[in-house]
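Below, each chain spelled out in residue letters.
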Amino acid sequence: MKRLVVVSNRVASNEPKASAGGLAVALDAALRESEGLWFGWSGKVVDGIGGTPRITRSGNVTFATIDLENQDFDDYYNGYGNRTLWPLFHYRADLAVFDRRYYGGYHRVNALFAQCLGQLLKPGDVIWVHDFHLIPLGEELRKLGHKLPLGFFLHIPFPVPQILTTLFNHKKLVRSLLVYDLIGFQTDSDLRAFEEYVRLELGGSVDNRGVISAYGMSVHAQAFPIGIDAQQIANFAVSKQAQRQSERMSKSLAGRDLIIGVDRLDYTKGLPERLNAFEKFLSNFPDNRGRVTLLQIAPPSRSDVPEYVEIRHELETASGHINGRFSEFDWVPIRYINKAYNRQALAGLFRASRIGLVTPLRDGMNLVAKEFVAAQNPEDPGVLILSRFAGAAQQLVGALIVNPHDTDDVAKYIERALLMPLDERRERWRDMMKSVSENDLTAWRENFVRTLTDIGASG
Ligand code: ADQ
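For clarity, every value in this text was computed on a predicted model and none was experimentally measured.

A.B. asks: With reference to specific residues and values, describe the sheet that holds strand S9 (residues 211-214).
C.D. replies: The sheet built from 10 strands is open, its strands ordered S3-S4-S2-S1-S5-S6-S7-S10-S9-S8 with mixed pairing. Only two strands of the sheet have a single neighbouring strand rather than two, namely strand S3 (54-58) and strand S8 (205-206). With four bridges connecting them, S9 and strand S10 (residues 217-223) associate as antiparallel partners. The residue of S10 that forms the bridge with Ala 214 is Met 217.

A.B. asks: So what's going on with the sheet that holds strand S14 (residues 355-358)? Residues and values would help.
C.D. replies: Spatially, six strands are ordered S13-S12-S11-S14-S15-S16 in an open sheet, and the strand pairing comes out parallel. At either margin of the open sheet sits one strand with a lone partner, and together these are strand S13 (334-337) and strand S16 (400-402). Recorded for the sheet is a direction-independent mean angle of 20° between the axes of neighbouring strands. Relative to strand S15 (residues 383-387), S14 runs parallel, the two being bridged by four bridges. Bridging from a neighbouring strand, Gly 356 pairs with Leu 384 of S15. Packing of helix H9 (residues 240-253) onto the sheet brings it into contact with strand S11 (257-262), strand S12 (292-297) and S13, and relative to S13 it is tilted by some 140°. The sheet strands contacting helix H12 (residues 343-351) are S11 and S12, and the helix crosses S11 at an angle near 140°.

A.B. asks: So what's going on with the pairing of S9? Residues and values would help.
C.D. replies: In this structure, S8 lies alongside S9, joined through two bridges in antiparallel fashion. Across the sheet, Ser 205 pairs through a bridge with Ser 213, a residue of S9. Between S9 and S10, which pair antiparallel one after the other, the connecting turn spans two residues, and Tyr 215 there sits at a positive phi close to 50°.

A.B. asks: Give a description of unusual backbone geometry that names residues and reports values.
C.D. replies: Positive phi outside glycine occurs at Asp 131, with the angle close to 80°. Positive phi values are uncommon outside glycine, yet Ala 254 reaches one of about 50°. Within the secondary structure, Ala 254 is located in the loop between H9 and S11. Since its relative accessible area comes to 61%, Ala 254 is described here as exposed.

A.B. asks: Account for the packing of helix H10 (residues 271-284) against helix H11 (residues 306-326), naming residues and giving values.
C.D. replies: Running from N to C, H10 and H11 cross one another at 10°; their axes reach a closest spacing of 10 Å. The angle between H10 and H11 falls in the class roughly parallel. Contact residues: Leu 271, Pro 272, Leu 275, Glu 279, Leu 282 and Ser 283 in H10; Ile 311, Glu 314, Leu 315, Ala 318, Ser 319, His 321, Ile 322, Arg 325 and Phe 326 in H11.

A.B. asks: Provide a residue-level description of the environment of Gln 296, including the pertinent values.
C.D. replies: Inspection of the secondary structure assignment puts Gln 296 in strand S12. Spatially, the C-alpha atoms of Gln 296 and Asp 330 are 19 Å apart, while their sequence positions differ by 34 residues. Those residues in contact with Gln 296 that sit more than four places away from it in its chain are Gly 261, Val 262, Asp 263, Leu 271, Arg 274, Arg 335, Tyr 336 and Ile 337. Of the polar contacts made by the side chain of Gln 296, one reaches the backbone oxygen of Gly 261; its length is 3.3 Å.

A.B. asks: I'd love a proper account of the pairing of S3, names of residues and values included.
C.D. replies: Judged from the five bridges that link them, S3 and strand S4 (residues 61-69) form a sheet pairing that is antiparallel. Counterpart to Arg 57 in the pairing with S4 is Thr 62. The hairpin turn running from S3 into S4, its antiparallel successor, is two residues long, and Gly 59 in that turn takes a positive phi close to 60°.

A.B. asks: Mind laying out helix H6 (residues 170-177), listing which residues take part and the relevant values?
C.D. replies: Every buried residue of H6 is listed here: His 170, Leu 173, Val 174, Ser 176 and Leu 177. Taken end-on, H6 shows its buried residues confined to a sector of 155°, consistent with a single buried face.

A.B. asks: Describe the side chain of Gln 296, with residues and values.
C.D. replies: The class for Gln 296 is buried, based on a relative accessible area of 2%. At a separation of 2.9 Å, a polar atom in the side chain of Gln 296 contacts the side chain of Asp 263.

A.B. asks: Pulling in residues and values, what's your account of the confidence of the model for the protein chain?
C.D. replies: Looking at the protein chain, the pLDDT average stands at 93 and 95% of residues meet or exceed 70. Every residue in residues 14-22 scores below 50 in pLDDT, and together they form 10 contacts with partners more than four places removed in sequence or on other chains.

A.B. asks: Outline the packing of aromatic side chains, listing residues and values.
C.D. replies: Counting across every chain of the model gives 25 aromatic pairs. Plain terms: the ring middles of Trp 41 and Tyr 77 are 5.1 Å apart, the flat faces sit at 55° to each other, and that makes the pair tilted. Separated by 36 residues along the polypeptide, Trp 41 in strand S2 (residues 37-46) and Tyr 77 in helix H2 (residues 70-89) bring together distant segments of the chain. Residue classification places Trp 41 among the buried positions, given a relative accessible area of 2%. What makes Tyr 77 buried here is its relative accessible area of 16%. A centroid spacing of 6.0 Å and a plane angle of 40° characterise the contact between Phe 281 and Phe 285, whose relative ring orientation is tilted. Overall, the relative accessible area of 0% leaves Phe 281 in the buried class. You can call Phe 285 partly exposed: its relative accessible area is 22%.

A.B. asks: Before we move on, could you go through the pattern of salt bridges and cite the residues and values that matter?
C.D. replies: What the rule picks out here adds up to 23 salt bridges. A salt bridge links Arg 274 to Asp 263, with the nearest nitrogen and oxygen atoms 2.8 Å apart. One end of the pair, Arg 274, is in helix H10; the other, Asp 263, is in the loop between S11 and H10, with 11 residues separating them in the sequence. The same class applies to Arg 274 as to Asp 263, namely buried. Its salt-bridge partner being Asp 380, residue Arg 425 comes within 2.6 Å of it at the nearest N-O pair. Here Asp 380 lies in the loop between helix H13 (367-374) and S15 and Arg 425 lies in helix H15 (residues 422-438), a separation of 45 residues in the sequence. Judged by relative accessible area, which is 8%, Arg 425 ranks as buried. Given a relative accessible area of 38%, Asp 380 falls into the partly exposed group. Overlapping salt bridges, with partners in common, bring together Asp 72, Asp 75 and Arg 108 in one network.

Parameters at a glance
- Residues numbered from 1 in each chain as written.
- Predicted model: local features only at pLDDT ≥ 70, side-chain atom pairs only at ≥ 80, totals over all residues.
- Heavy atoms only, no water.
- Pairing = 2+ DSSP bridges.
- Helix = DSSP H or I, 4+ residues; strand = E, 2+ residues; numbered from the N terminus.
- Axes fitted to C-alpha atoms, helices over the stretch in contact; angles between N-to-C directions.
- Contact = heavy atoms within 4.5 Å.
- Buried < 20%, exposed > 50% of the residue type's maximum accessible area, 1.4 Å probe, protein only.
- Parallel < 35°, antiparallel > 145°, perpendicular 65-115°, else oblique.
- Polar contact = N/O pair within 3.5 Å; in protein donor to acceptor, adjacent residues only side chain to side chain.
- Arc of directions from axis to C-beta.
- pLDDT = per-residue confidence, 0-100.
- Phe/Tyr/Trp six-rings, centres within 6.5 Å; stacked < 30°, edge-to-face > 60°.
- Salt bridge = Lys/Arg side-chain N within 4 Å of Asp/Glu carboxyl O.

Next up, the structure:
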């Protein structure tokens, strides 16, 4: 079996609960079976030159991490990664900062990653690079003469050409994607956006096997929708700890229905719109006042970036406003919590909820939607309300699919979900659970690695 080398911005060590990131959770599980190497940034910022890999082992997985120096952290991570590519790829050109210094840092760190990783590679390795922080890594490895099979998976959406072309160096960025042997996207829509860009902007072509060619280079591109470990979440949901959480929650609800939202605190997750929809629900369907509670769990992320500080203030104001407007001495409509929970506790809370409210404005996939489904009681499942702009909506057709911008409509769907008969809830849940179980994390990883290995063998 070939050694799998995973490269991602952050390496999660062996503590998935310490990180609220979907990528971290997914990769931790994905590497366990493979005697692989996981390379990335340690999360530490140092004065002076970072960059000598620190090697540790956990079980049969080797971890190699490097530190970053202050300037690189600012330009590569906070800058080009989180203030340029993240908003732009989520269709928020209005929030994107276009600064060539940021790009300089992005390029420097990708070159540094390639140099440090290069020393650890062995013949026969298969390299799988993750996400938008590391798009040029493949090109940097090729420049150093590495000829190993190289795959890239984009966890976030790929924007349509009209959006991507607002970036000053869009051609350079996409060109660097073409050196990979395989590019994976979350959905067919992302794949189509990429193909359209190559045709329109690069004058390239796409053949019927999914091979995309431009600038004399060819790459296989395909959708590989990421999954979850559905069985594990289902087990977590009936664990002792989950039951304890769920009982504590039920006691505090005193017979009221629970609606749950769980998201990293990020402007892509549609949280202000969600609170607004909930306010409209209470206002337009007043019989529900005192009968329903919204639990919104939103651990802060990227707090060094000003747009994240702003969204946090906005949510504090909105939840305070709604609670001030509707609360009674014995009922508060929104419980807004800024901390992370471990996965058993979360699964217990999902299972105790009548509705999962997952309404991002844009999301590559959204694992919370799938976790909510996997955690339900098959005999009495809750209802998933899901944004059409989450990648997951292309798979979870049993959800109530909504436009998160249309808050009046979302309010109506909340009412509809609360009234949904048990038979319909069961039927919708069975459809979704089938999809979540069949397309789980193992299937995703195996499919990507098999495709990459096959391409490497034939190339
Ligand atoms: P994220 O934007 O982080 O991931 P998501 O897919 O929902 O979004 O994953 C979040 C993960 O963190 C889930 O596993 C969730 O359970 C966990 N989590 C969230 N809040 C938590 C809390 N309070 N306590 C504990 N755990 C919490 C990115 C992309 C997504 C894509 C994933 C995976 O933005 O679109 O689905 O990567 O590819």
